[in-house]
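Close look at the chain arrangement
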Amino acid sequence: MKHEKTNKKSLSRRSFLGTTATAAAAFTIIPRSVMGGKGYTAPSDLINVAGIGVGSQGGGDIQQICTPDVPIQRPQRNSNGTPMTKEQIAEREARMAEMKKQFAGQGAPGQGAPGQGGRRPGAPGGQPDPNAVMQMGAAGQGRVIKLANIYALCDVDSEYAGYIFKGYPKAKIYSDWREMLDKEKSIDAVLIGTPDHNHAPIAAAFMKAKKHIYVEKPMAKTIFECRKLAEIARETGVVTQMGNQGHATEGTRKTVEWIQSGVIGLVREVQLSTNRPMGFWPQGDMKRPAGMPVPKNLNYDVWLGPAPNKPYNPDTLHFYWRGLWDYGTGAMGDMGAHIFDAPIWALNLGMPIKIQATSSPYSTDYMPLCELVTYEFPARGYMPPVKVQWCDGGLRPPRPNELEAKRAMRDATYYGDKGIICHSSHGAMPELIPADKDFKGPDPWLPRTGNIFEDWIDAIKNGKKSCNDFSISSKLTEIMLLTNIAVKHQRANITLEYDAANMKITNLEEANSLFQYEYRTGWSL
């Protein structure tokens, strides 16, 4: 890359400190021209980053790489992208006020409140509340982030992503990523924040063009896609990162260190849970909404990408696509990376050998509202076999007998033969059960990085692997995606047996059809 050849200066560890702020309330974004400081890199050191799918999560990610040139406000919209009415805004404000009371003393919403995965209740996919006006001055403490140059932006919906476009007036704007790939040869790296079904085709195309890749979780929609992306990453040698922000946090590293240091002994059972999709997006035994005319501001063909050609409806786009089989991967795809990641790392889990699921009703269009999934992992060296149980839709596993009264369950609970550890989503706030105020934990021994974005940019500039590159995140995503295969075949009334080496369910042949699907004509991996 041009910038890598002309500049080998590495980003210092100090320059990475303190550049990430998750907004728990409304905030103002200060133009990056106003001030420098931590998170700021001289223009001559910058690589060119392009963002694809920036109307929601992708737009938040872009702002963690470079503060906008122009102050921006995110319009107050419903989760399907339609503008909120005055009544809806008032209702949201009342709901947020009530949640502040509810979580008083348990950690502020958006800062690890128990049971909410360290995010504001009602917030989609790891962002602050989707309807909040995003003003980043107070929460961001006036900090300017300038890890890279935002060279180009691409989104299929010019209205939905318009607030991001306005924030980066120097960026080249596109509605079709393929056109951007053909024309913009100066792009060094690409951040992908599209719906799940578009992750793999976009990532594959840009990796083949030798562009570094950051793709939001889950890495892909199918297991075949995950393995193919990991293969392309190996062949091209580009730096890759999956947007699993918790993988770069202190809490996750503490969890790994505590468990691998034997704080609770040998672990044989882990329980994981999330409230998604309850109250976040629709799922269940329901039909796809009727087709409507495609608005002029939307490039619907590119939004569909490799998915089947089905009619447009606003309730199948933007945040709501997560619950449809054609586009999303459900609650596990949305939150599994944030909750399952620490157990996989801490317990050195490979692929499960057995998986079984049960769920509430679902349809040919939508995934179920609630799921209960059990994975069986074999022994690994000195570590014994492990059973991992996942539940979603607001379900929680049974409370440990040792958990104090009125103390809330967390999103992950590890049962060892010497004790119990729990933590929230993203590995946040690991604690012992029962609580031990005198517990100090082992001395830290894992390397610490900057946040997930700093780590990615640092890896690009210094020619090294990122902390959560595709060799790691493809395995995590594969485990997550086995969930939907098990859910779709629960009525076979057997526990699926998985041969990971051959990517095959060995005791139910028809289940193997779900490892990949036929792309729409004109689209390829």
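Predicted model, so just to flag it, every value in this text is computed and none were measured. (Residues numbered from 1 in each chain as written. Predicted model: local features only at pLDDT ≥ 70, side-chain atom pairs only at ≥ 80, totals over all residues. Heavy atoms only, no water.)

Before going further, it helps to spend a moment on the overall build of the protein chain. The number of helices and strands found in the protein chain is 14 helices and 15 strands. When burial is assessed residue by residue, the protein chain has 61% of its 525 residues classed as buried. Taking the contacts inside the protein chain whose residues are at least 6 apart along the sequence as the reference set, 74% of them involve residues at least 24 apart. (Helix = DSSP H or I, 4+ residues; strand = E, 2+ residues; numbered from the N terminus. Buried < 20%, exposed > 50% of the residue type's maximum accessible area, 1.4 Å probe, protein only. Contact = heavy atoms within 4.5 Å.)

The next subject is the pairing of strand E6 (residues 240–243). Where burial is concerned, the two faces of E6 agree: the one with Thr240 and Met242 and the one with Gln241 and Gly243 are both buried. In this structure, strand E5 (residues 212–216) lies alongside E6, joined through four bridges in parallel fashion. Looking across to E6, one finds that Ile213 is bridged to Thr240. With helix H9 (residues 223–236) bridging E5 and its parallel neighbour E6, the resulting β-α-β unit is right-handed. (Pairing = 2+ DSSP bridges. Right-handed = clockwise from strand over helix to strand, strands pointing away.)

Of the two faces of strand E4 (residues 189–192), both are covered, the one formed by Ala189 and Leu191 as well as the one formed by Val190 and Ile192. Note: strand E1 (residues 48–52) against E4, four bridges, orientation parallel. Note on E4: the bridge partner recorded for Gly51 is Leu191. Across four bridges, E4 lies against E5 in parallel orientation. Along E5, the bridge assignment pairs Leu191 with Tyr214. What joins E4 to E5 is helix H8 (residues 199–208), and the crossover it makes is right-handed.

This paragraph deals with the nonpolar core. With 95 residues, the main nonpolar core has Trp177, Phe340, Tyr375 and Tyr414 as its most contacted residues. Element by element, the count of residues in this core is highest for helix H14 (residues 470–488), at nine residues. When neighbours within four sequence positions are excluded, Trp177 is seen to be in contact with Ile52, Cys154, Pro201, Ile202, Ala205, Phe206, Val302 and Trp523. (Core = buried A, V, L, I, M, F, W, Y, C linked by side-chain atoms within 4.5 Å.)

A full pass over the atoms with the stated rule returns 21 salt bridges. Across the pair Asp176 and Arg178 runs a salt bridge whose closest N-O atoms are separated by 2.8 Å. For Arg407, the salt bridge is made with Glu404, and the minimal N-O distance between the two is 2.9 Å. Through salt bridges with shared partners, one network takes in Lys217, Arg276, Arg322 and Asp334. (Salt bridge = Lys/Arg side-chain N within 4 Å of Asp/Glu carboxyl O.)

Relative orientation and spacing of two packed helices are given, respectively, by the angle between their axes and the distance between those axes. Axis separation between H8 and H9 bottoms out at 10 Å; the angle between their running directions is 10°. Between H8 and H9, the crossing angle belongs to the class labelled roughly parallel. Contacts from Ala200, Ala203, Ala204, Met207 and Lys208 in H8 reach Glu225, Leu229, Ile232, Ala233 and Thr236 in H9. Classifying every residue of the contact of H8 with H9 by side-chain character gives seven nonpolar, one polar and two charged. (Axes fitted to C-alpha atoms, helices over the stretch in contact; angles between N-to-C directions. Parallel < 35°, antiparallel > 145°, perpendicular 65-115°, else oblique. Nonpolar A, V, L, I, M, F, W, Y, C, P; charged D, E, K, R; others polar.)

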